Structures are given as C-alpha cells and as structure tokens.
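# Chains, contacts and geometry: an overview
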Amino acid sequence: MNTPVSHPSQISETNKGAIGSQISETNKRAIGSQISETKKGAIGSQISETNKGAIGSQISETNKGAIGSQISETNKGAIGSQISETNNKKGAIRSQISETNKGAIGSQISETGFTDLRNRITELRNRITDLRNRITDLRNQQRCNKVMKEHSVKNLIFSSSCTVYGDPKYLPVDENHPTGGCTNPYGKTKFFIEEILKDLWKADPDWNIVVLRYFNPVGAHKSGRIGEDPKCIPNLMPYCAQILVGKMKELKVYGNDYDTPDGTGVRDYIHISDVATGHVAAQTKVEEKCGLKIYNLGTGQGYSVMDMINAFSAAAGKPVKYRIIGRRPGDVASTYSKPDLAAKELGWKATRGLNTMCEDLWRWQTMNPDGFNSNGPTHKKHKLTQKI
Ligand SMILES: CC(=O)N[C@H]1[C@@H](OP(=O)(O)OP(=O)(O)OC[C@H]2O[C@@H](n3ccc(=O)[nH]c3=O)[C@H](O)[C@@H]2O)O[C@H](CO)[C@H](O)[C@@H]1O
C-alpha cells in the first residue's frame, strides 16, 4: 500500500499535517485501499507520493513501471480540498468524543486508586484516539468514493483485514467465512467499509472493486529503506524490533493460556512485499473489469507469539526480552488463512518465509532506528547473523 523513496509525505508537506500523520499511523488501513486506484487515480497518486505508508511504498518499489506511471497523473486540487475538509472537522469530532467520555472518566475516578486510575485514563485516551481514527477512516473512505465517482474513476482496491472475520469459527479461514463479529474497533471499521463497498457495487456495477483481506503484514523492503514507522503502540513485530534497538524495554506477551500449541496467540504473518505483489495482481484484476472480488492475503501458515520472538531473536542475533502477562481484550487465540482463491484467480502466492520477514525487518530497524526521522544507517554493527 508509493514512490520508492523513504521520507515524509507530501501530503503533510503540502497541506495537512494532521492528515499526513494519520495516514502514516494507519498505513495498513484505509490508505492501502487507495493506493492502486488506477490510471486516472487522483487518490492513488497522492498516496503514492506519501512515503510513510509501508505498503504503498512497497508497491511502488515492486512495480515502478506499471503503477509508477500512473502515479504522475494527479489531481491534487480535488483531493487536497477533501483533505482540508476532513482536517477542519477534526476539532468537532474530538469535542464530540470527549463529551461522550466525560461521564465514564468521572466514574473511573471514584472507583479506583491513583495508579490504576492513571492506567485507565491512558487506556481510555488510547481508545478515544482509536475511535477518532476509525471515524476518520470511515469519512475518508466515503469521501474517497465520492471523489472517485466525480472523476469517473471506478476501479478500487481496498485494504481490508483478516480482523473482519472476528474469532474464527473454523481454520484455515477462507473468504466465505462470515464477517462482522469483529473483536475490536479497527475490525469493525474494515467491516463497515467492506459493506459500503458492496452496496456501492450493487448500486453501480460499473465499479470494479478488489477487497484484499491482509492477515498480519510484517517485514520491510529488502533494501532496508522502506519499512514500518509506527506512531502508536506497535504490533508484535515492530515492538520486538524496537526493543532490540533500545527504544522499548520488554515485550509483554499477552497470554500463554490459549488453546494453541504453546499457549500464545497464533497468526498468519505475511511479508509486506508479498502484500505489495498481491496489490499488483489485484490491479490487473480490476483492469479486467472483475466486478466485486474478495481475497485473503496470507501464507496459510500460523505462527505463535513465541515462534515469532524466537525467529526474530535468531535473525537479529540477540534475544528479545519478554514477560508473559494476561490476555489482551479483543485478541483471538488463532487465525490463519486459506489463501487458495488468490492463487487461483489472481495467480498470486506469498513467496517469502518467516526468516526473510525477520531479516528484512531487522535490516530496516537497524538502518532506521528512528524510522523516517533517521539520518541514514546509524547502527553500524548491524548484521544478520543466524539463519532460522
Ligand atoms: C487488537 C488489534 O489491534 N488487532 C489488530 C492487529 O492484529 P493482531 O492483534 O493479530 O496483531 P498484533 O501484532 O497486535 O498481535 C499479534 C499477536 O501478538 C500478540 N502480541 C502483540 C503485541 C504485544 O505487545 N504483545 C503480544 O503478545 C497478540 O496478542 C497476538 O497474539 O493487527 C492486525 C493487522 O496486523 C489488525 O490490525 C488487527 O485488527
């Protein structure tokens, strides 16, 4: 889910700092969808210019010729004004949210001690931020659809997530698995957007929409120049990487009492560059006038949290410090994909294994310990030691 450069977004430079940073924080989310938005693609081209989006930049790296040429056809005016509009409304959304949560905060104060209270306030603040991001995602998607329609762009690739499946009723999860029983707000947003897109296509079958349900993207471009630069609490693997460059203390493993081989959560981790090639394949599909199609992007292989800690420690040559704590609300025990439909209809398959995911992530993190704010490689001692 962007030119092969590795520095901050033109969106934030040109007009809208706040939106730029939202884009980077949600790089696996609404943005991805807008990436491939095709030739006339006002939006796709804008996003491609923002180098914060990990997947976007990967795609650009992967398919400079095909997508790169489309990137230059921009429509900055149209999109720029949409972004400004969103940004102007941000204050309003924020005040609504704080209104809504005032009561909740008050009752927390009377019930708890000070330390607990502080933790709860932090958690509440995170939830409010998350909720605000979700509202922004939904609004942006609606604006995106509207602007695309106005410009007669009706080809769309939407970055969805395996999280729309909720707690799986069976494994591996295929595309026919029911959706909507999401266990977190992010999942719900993805689910709602999928539903909006289904309605959009039903109302106007001229649209060609490919929905890609990513499992757990990890890794970085093999050059070490493009990777994930989380601005909020990182996912598992960026967290591990930040521990090993001294930015985080230790990993808290959320529960080892799940019904999985070692008790820790199992996920289908997929290399970010495979996610990128998945988009390129989807781009071909929308150009074939495919209607509405939905595909899983995963490897079909589940790994536990402990598998991932061990693999990453081996790739980096030093151990990730961790501590087992209780389960995190909203987590499911196990989810991994059946990726066969994408293989059959897109001719796409994930080709990079766990070892490559960990090596590439470690290369990115050591070359860019401060993400896109880094001034080139500072960890001269970086080397990939062991194969796993
Ligand atoms: C609750 C939540 O936000 N879920 C999102 C997260 O899924 P996941 O919760 O699957 O991704 P994750 O990287 O946050 O967690 C992966 C696994 O690692 C475990 N873990 C994670 C972090 C940590 O500090 N300690 C730890 O033990 C976690 O319990 C899970 O078993 O990312 C997905 C995409 O990649 C989707 O965006 C999901 O909606």
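Here the structure is a predicted model, which means the values were calculated and not measured.

## Some points on the site of the ligand
- Around the ligand, a shell composed of 19 residues is seen, among which Tyr186, Lys252, Arg267, Arg328 and Asp331 lie nearest.
- Contacts to the ligand include Asn216, whose side-chain N or O atom sits 3.0 Å from an oxygen atom.
- With respect to the ligand, the backbone of Lys252 contributes an N or O atom lying 2.7 Å from a nitrogen atom.
- Of all elements in the fold, only β3 (216-218) and β4 (251-254) reach the threshold of two or more residues within the shell around the ligand.
- When residues of the shell around the ligand are assigned to their parent elements, the largest contribution, four residues, is made by β4.
- The residue inventory of the shell around the ligand, partitioned by class, reads eight nonpolar, six polar and five charged.

## Some words on the sheet that holds strand β2 (residues 208-214)
- Taken together, the three strands give an open sheet; going across it, the order is β1-β2-β7, and neighbouring strands pair in parallel fashion. Each edge of the open sheet carries a strand with a single partner, namely β1 (155-161) and β7 (292-297). Each neighbouring strand pair of the sheet contributes to a mean axis angle of 20°, computed without reference to strand direction.
- Its contacts with the sheet place helix α9 (residues 185-203) against β1, β2 and β7, and it is angled at close to 155° to β1.
- Seen against the sheet, helix α11 (residues 272-287) touches β1, β2 and β7 and runs at an angle of roughly 160° to β2.

## Let's talk about the nonpolar core
- Grouped together as the largest cluster of nonpolar side chains are 29 residues, with contacts concentrated most on Leu236, Met237, Cys240, Leu251, Ile309, Phe312 and Val320.
- Contributions of two or more residues to this core are made by α10 (236-244), β4, α12 (305-316) and α14 (354-367).
- Element by element, the count of residues in this core is highest for α12, at eight residues.
- The contact partners of Met237, leaving out residues within four places of it in the chain, are Val218, Met308, Phe312, Cys358 and Leu361.
- Membership of the second largest hydrophobic core comes to 15 residues, among which are Ile157, Val210, Ala282 and Val286.

## Comments concerning the pairing of β2
- For β2, the buried fraction is high: seven of the seven residues fall into the buried class.
- Neither face of β2 is exposed, since Asn208, Val210, Leu212 and Tyr214 on one face and Ile209, Val211 and Arg213 on the opposite face are all buried.
- Taken together, β1, α9 and β2 form a β-α-β motif whose crossover is right-handed.
- The pairing of β2 with β7 spans six bridges and is classified as parallel. Across the sheet, the residue bridging to Tyr214 is Leu297, located in β7.

## Let's talk about the packing of α10 against α12
- At their nearest, the axes of α10 and α12 sit 11 Å apart, and the two run at 40° to each other. The orientation of α10 relative to α12 falls into the category oblique. The handedness of the crossing between α10 and α12 comes out as right-handed. In this structure, α10 uses Leu236, Met237, Cys240, Ala241 and Leu244 to contact α12, whose residues at the interface are Val305, Met308, Ile309, Phe312 and Ala316.
- Looking at the contact of α10 with α12, its residues break down into 10 nonpolar, no polar and no charged.

## Points about the UniProt feature "domain: NAD-dependent epimerase/dehydratase" (unreviewed entry) in the protein
- Per the UniProt record, the feature "domain: NAD-dependent epimerase/dehydratase" (unreviewed entry) sits at residues 142-298.
- Helix makes up 34% of residues 142-298 and strand 20%, with an end-to-end C-alpha separation of 27 Å.

## Side note on the environment of Ile233
- Among the structural elements, Ile233 can be located in the loop between β3 and α10.
- It is 9.2 Å that separates the C-alpha atoms of Ile233 and Asn126, two residues lying 107 residues apart in sequence.

## Digging into α11
- Given a rise of 1.5 Å per residue, 16 residues ought to cover 22 Å, and the 23 Å separating the end C-alpha atoms of α11 matches this to within 8%.
- Most of α11 is tucked away, with 13 of its 16 residues classed as buried.
- Immediately downstream of α11, the backbone of Lys289 shows phi near 60°, a positive value.

## Structural notes on the environment of Cys290
- Residue position: Cys290 is located in the loop between α11 and β7.
- Each C-alpha atom, one on Cys290 and one on Trp207, is 8.7 Å from the other, the two residues being 83 residues apart in sequence.
- Residues contacting Cys290, with those up to four places away along its chain left out, are Asn208, Ile209, Val210 and Lys285.

Thresholds, definitions, all that
Residues numbered from 1 in each chain as written. Predicted model: local features only at pLDDT ≥ 70, side-chain atom pairs only at ≥ 80, totals over all residues. Heavy atoms only, no water. Near = heavy atom within 4 Å. Polar contact = N/O pair within 3.5 Å; in protein donor to acceptor, adjacent residues only side chain to side chain. Helix = DSSP H or I, 4+ residues; strand = E, 2+ residues; numbered from the N terminus. Nonpolar A, V, L, I, M, F, W, Y, C, P; charged D, E, K, R; others polar. Pairing = 2+ DSSP bridges. Axes fitted to C-alpha atoms, helices over the stretch in contact; angles between N-to-C directions. Contact = heavy atoms within 4.5 Å. Core = buried A, V, L, I, M, F, W, Y, C linked by side-chain atoms within 4.5 Å. Buried < 20%, exposed > 50% of the residue type's maximum accessible area, 1.4 Å probe, protein only. Right-handed = clockwise from strand over helix to strand, strands pointing away. Parallel < 35°, antiparallel > 145°, perpendicular 65-115°, else oblique. Left-handed = near helix turned anticlockwise from the far one by under 90°. UniProt positions renumbered as here; feature names shortened; annotations may be inferred. Expected span 1.5 Å × (residues − 1).

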